[in-house]
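The primary structure of each chain is shown beneath.
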Amino acid sequence: MSIVTPSGGFDVVIVGSGIAGSIVAYQLGKAGKQVLIVEGGPPVPKSREEYLQTFFTSNAKTPESPYPPTIQGAVPATDDNPLGQPNPSSLNTPRYTVLQINAWQNRNISYFVYDAPQAGIAPDSPELTFAFGSSYERVAGGTTWHWLGTSLNNLPNDFQLKSRYGQGVDWPGGSQFFYRLLPYYRKATEVIGVSADKQAMVELYKTFNVEFSGEYGDNYGFPMPGIVESMNDVLYAQKVTTLKVDDIPLFVTPTPQGRNSRPGNRRQCAGNTNCIPICPIQAKYDGSVTLAQALQTGNVQILYKAVASNIRLNGNQVSGIDYITYDSQTGPSTGTGTVTAKRYVLAAHAIETPKLLLMSKNNPGWPNGVANSSGQVGRNLMDHVMYLAWGLAKDPIYAFRGPLSTAGIEAARDGAFRSQRAAYRIEIGNEGWNWATNDPNTTLSDFIFGQNNTQLNGDSLNQQSQPLRFDPTLPAFSKLFGTRLVNALNAIYVRQLRLGYLIEQLPDPDNRVQLSSLTDNLGLPRPAVTYRIRDDYVRNAFVSAKQVSTQIFNALGAKEYTQLPAAVQSSGDTVTPTTFEYKGDRFTFYGAGHIIGTYRMGTAPRDSVLNRRQQSWDHSNLYMVGSGVFPSTATANPTLTIAALALQAADNILHDLG
């Protein structure tokens, strides 16, 4: 679309059109402010059928598989690149994908550039480096295209981790930050259209001594009733109440969801388990919903396929954003430009935002980049590192139906234990062993070709020394066909259970995004990423999660199939990406898709990038939004907090504009 500059110029330029950028744009547009969004990716397609078709024809059904630029079949397949993943240096908007994790040391595949692990480093060393576990999108609407939909508040103690438990850092103002954010949490549920069981949430928060009152308490309701729980959820709810973690009783809570439980402005959820990577009917909210609302105000314009490349300064004030345009993903740049406004907002998430700040190092007096007098830009990269456990239920629970998760066990999100180990929430998966073993494919292959990758068709024992062959009347490594194959698969798939522990990670300044010497097709630096899990605080949570999983599966009468990871390889051609040893055991972590930190808020300019208003300490007309502003990961999936903070930032910007 062509851009028409208003007679008085733009009030605000926003870089990025994901949920955070779109919310800020919509709030400002409704208030009559003139807004321009600079988006590096392509527009939202007129029909999501285009993305669905790409997903259907992809060999690997990953979170990024529907979205451009294509991540499979881009180049001829080779032994070290069997899916034909593109070279990031050939793309104008490359991004990090989960397919790149196992190829993290191959710079012709991985967008992130990593140093090789230290030769001979011990597998239990805190200095062992890893591949980062989470990915993102660079398209209009952003990463919420493939988010799970979980819409939980953080807890007051999440904001005062240092002062309450002596770990990590506090958010500015500690627990008061929660109460200042509470009205925006409520507003965010309206923006997303959250479906939730209010009474269940009231009961949950009471266990954490959180008593809401007044407008934000009993008088408040969620926009839609909760999503119907799965049979999977019901089984856990019946059985886990006999258990405790660190003397905290366990119970199941239905999860607030960013998807319609009944028809509204969008369609009602029809239970498609492939809502990661894409909801085929847009029952699930994504950022394109709010982006469309912003554009409909008539005060918001957007420039697509325009990659922000530099932030200009005039003294201490931002005076413009430079960008580079392109037509096709692998084609040459088609032009450059600069956009100007009274205020600027960076909303390009926790990787591309710090990259842009660090690239902008040619302004006099700012050799380390814009907003970086503290040297904190790019530091404290975090995720909710995940421990996965899986098993088979005694009776069918009919996995692979409904959204990927409709309930969780939230009791271990806070407690006195946080002085010793990280908190976690336990997500109950509805998608069988899809994440854990790439089912239904792997089990099918095992019983057709006589393999045992799932441990269902051989002589395997689990870590509790129980035999795992699914049908003891069949010989090991059976090759089945016809009715016997169908019966075996039907009996297995409907019993598959999966638990995921979202473990909070502490900020570590050495976990960071920097600029590498390698570039993309536009000549912009690719991110150099350093990532470790150093803290015993976090590693102790993996030990706890493993023990609790076994207790839960035992309580369910299920058999656990969680596999012990292969030994860590810290050198050679197959360097292990996400496995470590701790206290004599071996763990693999998974990314939750929650890229956090890298331009955090704080109470002082010496150790943070932003003040509590999400305003740069260094440049008063520059704001940043998204999960990059989080000082710590806290315990909830971050999207509702991202939305609440974006709403809060929009109010701050409106106040400052006058």
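Residues numbered from 1 in each chain as written. Predicted model: local features only at pLDDT ≥ 70, side-chain atom pairs only at ≥ 80, totals over all residues. Heavy atoms only, no water.

Once that is clear, we can look at the overall build of the protein chain. Helices and strands together make up the secondary structure of the protein chain, namely 13 helices and 20 strands. What you see for the protein chain is a C-alpha radius of gyration of 24 Å, in line with the 26 Å of a compact globule of 658 residues. Taking the principal axes of the C-alpha coordinates as reference, the protein chain spans close to 80 × 60 × 50 Å. Taken over 658 residues, the protein chain has a buried fraction of 63%. Pairs at least 24 residues apart make up 72% of the contacts formed inside the protein chain by residues separated by at least 6 positions. (Helix = DSSP H or I, 4+ residues; strand = E, 2+ residues; numbered from the N terminus. Rg over C-alpha atoms; globule rule 2.2 N^0.38 Å. Buried < 20%, exposed > 50% of the residue type's maximum accessible area, 1.4 Å probe, protein only. Contact = heavy atoms within 4.5 Å.)

The next point concerns the sheet that holds strand S5 (residues 253-254). What the 6 strands build is an open sheet, ordered S5-S12-S13-S14-S11-S17; its pairing is antiparallel. Of all the strands in the sheet, the pair left with one neighbour each is S5 and strand S17 (559-560). As judged from the 2 bridges shared by strand S11 (residues 385-392) and S17, these two strands associate in the antiparallel manner. Its bridge partner lying in S17, Leu 392 is registered against Lys 559. (Pairing = 2+ DSSP bridges.)

For the rest of this paragraph, the subject is the pairing of strand S18 (residues 579-582). Where S18 lies against strand S19 (residues 585-588), 4 bridges are found, and the strand directions are antiparallel. Across the sheet, residue Tyr 582 finds its bridge partner in S19, namely Asp 585. The antiparallel pairing of S18 with S19 creates a hairpin that spans 2 residues between the two strands, and Lys 583 there sits at a positive phi of about 50°.

Now for the packing of aromatic side chains. For the structure shown, the criterion picks out 31 aromatic pairs. Measuring from ring centre to ring centre gives 5.9 Å for Tyr 387 and Tyr 501, while their planes differ by 65°; the resulting arrangement is edge-to-face. Residue Tyr 387 is found in strand S11, and its partner Tyr 501 is found in strand S14 (residues 496-503); the two are separated by 114 residues along the sequence. On the basis of relative accessible area, Tyr 387 is assigned to the buried category, the value being 6%. On the numbers, 6.4 Å between centres and 70° between planes, the contact of Tyr 387 with Phe 587 is edge-to-face. You can see Tyr 387 sitting in strand S11 and its partner Phe 587 sitting in strand S19, a full 200 residues away along the chain. Looking at Phe 587, the relative accessible area reads 2%, which means it is buried. (Phe/Tyr/Trp six-rings, centres within 6.5 Å; stacked < 30°, edge-to-face > 60°.)

Here we take up the side chain of Thr 641. Along the chain, the position of Thr 641 falls in helix H13 (residues 639-657). Thr 641 gets classed as buried once you look at its relative accessible area, which sits at 0%. A polar atom in the side chain of Thr 641 sits 2.7 Å from the side chain of Tyr 185. (Polar contact = N/O pair within 3.5 Å; in protein donor to acceptor, adjacent residues only side chain to side chain.)

This part takes up the state of the cysteines. Among covalent bonds in proteins, the disulfide is the one between the sulfur atoms of two cysteines. Counted according to the given criterion, the structure contains 0 disulfides. Cys 279 supplies the cysteine sulfur nearest to Cys 275, a cysteine that is in no disulfide, at a spacing of 6.6 Å. Residue Cys 279 is classed as buried on the basis of its relative accessible area, which comes to 7%. (Disulfide = S-S within 2.5 Å.)

On to unusual backbone geometry, then. As a rule of thumb, non-glycine residues mostly have phi less than zero, and peptide bonds are mostly trans rather than cis. The omega torsion of the bond from Pro 68 to Pro 69 falls at -5°, within 30 degrees of zero and hence cis. Of note, Pro 69 is situated in the loop between helix H2 (49-56) and helix H3 (161-165). At Asp 247, a position not held by glycine, the phi torsion is positive, near 65°. Within the secondary structure, Asp 247 is located in the loop between strand S3 (244-245) and strand S4 (248-249). A relative accessible area of 69% places Asp 247 in the exposed class. Look at Asn 380: it is not a glycine, yet its phi comes out positive at around 65°.

Let us now look at the nonpolar core. Ranked by size, the top nonpolar core spans 97 residues in total, and within it Ile 14, Leu 357, Leu 622 and Met 624 carry the most contacts. At 10 residues, the largest contribution of residues to this core is made by H13. Residues contacting Ile 14, with those up to four places away along its chain left out, are Gly 21, Val 24, Ala 25, Val 35, Leu 36, Ile 37, Val 38, Val 345 and Ala 347. Residues Ile 351, Ala 411, Tyr 424 and Ile 552 belong to the second largest nonpolar core, which totals 65 residues. (Core = buried A, V, L, I, M, F, W, Y, C linked by side-chain atoms within 4.5 Å.)

Before going further, it helps to spend a moment on the side chain of Asn 299. Here Asn 299 is to be found in the loop between helix H7 (287-296) and strand S6 (300-303). Only 2.9 Å separates the side chain of Asn 299 from the backbone oxygen of Gly 29, close enough to count as a polar contact. Discounting residues that sit within four places of it in the chain, Asn 299 has contacts with Gly 29, Gly 32, Lys 33, Gln 34 and Val 35.

A separate point is the sheet that holds strand S1 (residues 10-15). Across a sheet, paired strands are connected by hydrogen bonds in the backbone, their directions being either parallel or antiparallel. Strands sit in the order S6-S2-S1-S10-S20 across an open sheet of 5 strands; the sheet is parallel. Edge positions in the sheet fall to S6 and strand S20 (622-624), since each has one partner strand and no second. Direction aside, the axes of adjacent strands within the sheet are offset by 20° on average. With 5 bridges joining them, S1 and strand S10 (residues 341-346) adopt parallel strand pairing. Residue Phe 10 lies in a different strand from S10, and its bridge partner there is Ala 341. Set on the sheet, H7 makes contact with strand S2 (35-38) and S6; between it and S6 the angle comes to about 120°. (Axes fitted to C-alpha atoms, helices over the stretch in contact; angles between N-to-C directions.)

What follows covers the packing of helix H4 (residues 175-192) against H13. With their axes 8 Å apart at the nearest point, H4 and H13 run at an angle of 105° to one another. Overall, the two elements H4 and H13 adopt an arrangement that is roughly perpendicular. Of the residues in H13, those touching H4 at Phe 177, Arg 180, Leu 181, Tyr 184, Tyr 185, Lys 187, Ala 188, Thr 189, Val 191 and Ile 192 are Leu 640, Thr 641, Ala 643, Ala 644, Leu 645, Leu 647, Gln 648 and Asp 651. A per-class count over the contact of H4 with H13 returns 12 nonpolar, 3 polar and 3 charged. (Parallel < 35°, antiparallel > 145°, perpendicular 65-115°, else oblique. Nonpolar A, V, L, I, M, F, W, Y, C, P; charged D, E, K, R; others polar.)

Turning to the packing of helix H6 (residues 231-239) against helix H12 (residues 536-556), a few remarks are in order. One can describe the packing of H6 onto H12 by two numbers: an axis separation of 9 Å at closest approach and a directional angle of 95°. As summarised for this structure, H6 and H12 are arranged roughly perpendicular, according to the angle between their axes. Listed contacts from H12 to Leu 235, Tyr 236 and Lys 239 of H6 are Ile 552, Phe 553, Ala 555 and Leu 556. Its residues placed into classes, the contact of H6 with H12 shows 6 nonpolar, no polar and 1 charged.

A word on a nonpolar patch on the surface. There is a patch of nonpolar side chains on the surface, built from Leu 444, Ile 448 and Phe 449 and spanning about 260 Å² of accessible area. Summarising the element assignment, Leu 444 is placed in helix H10 (residues 441-449). Overall, Leu 444 belongs to the partly exposed group, its relative accessible area being 32%. (Patch = residues over 30% accessible without salt bridge, like charges linked within 9 Å, V, L, I, M, F, W, Y side chains within 5 Å. Areas by Shrake-Rupley, 256 points an atom, 1.4 Å probe, with all protein chains shown as cover. Salt bridge = Lys/Arg side-chain N within 4 Å of Asp/Glu carboxyl O.)

Turning next to the environment of Asp 446. Along the chain, Asp 446 falls in helix H10. Ignoring sequence-local partners within four residues, the contact set of Asp 446 consists of Gln 451, Asn 452, Asn 453, Thr 454, Asn 457 and Ser 478.

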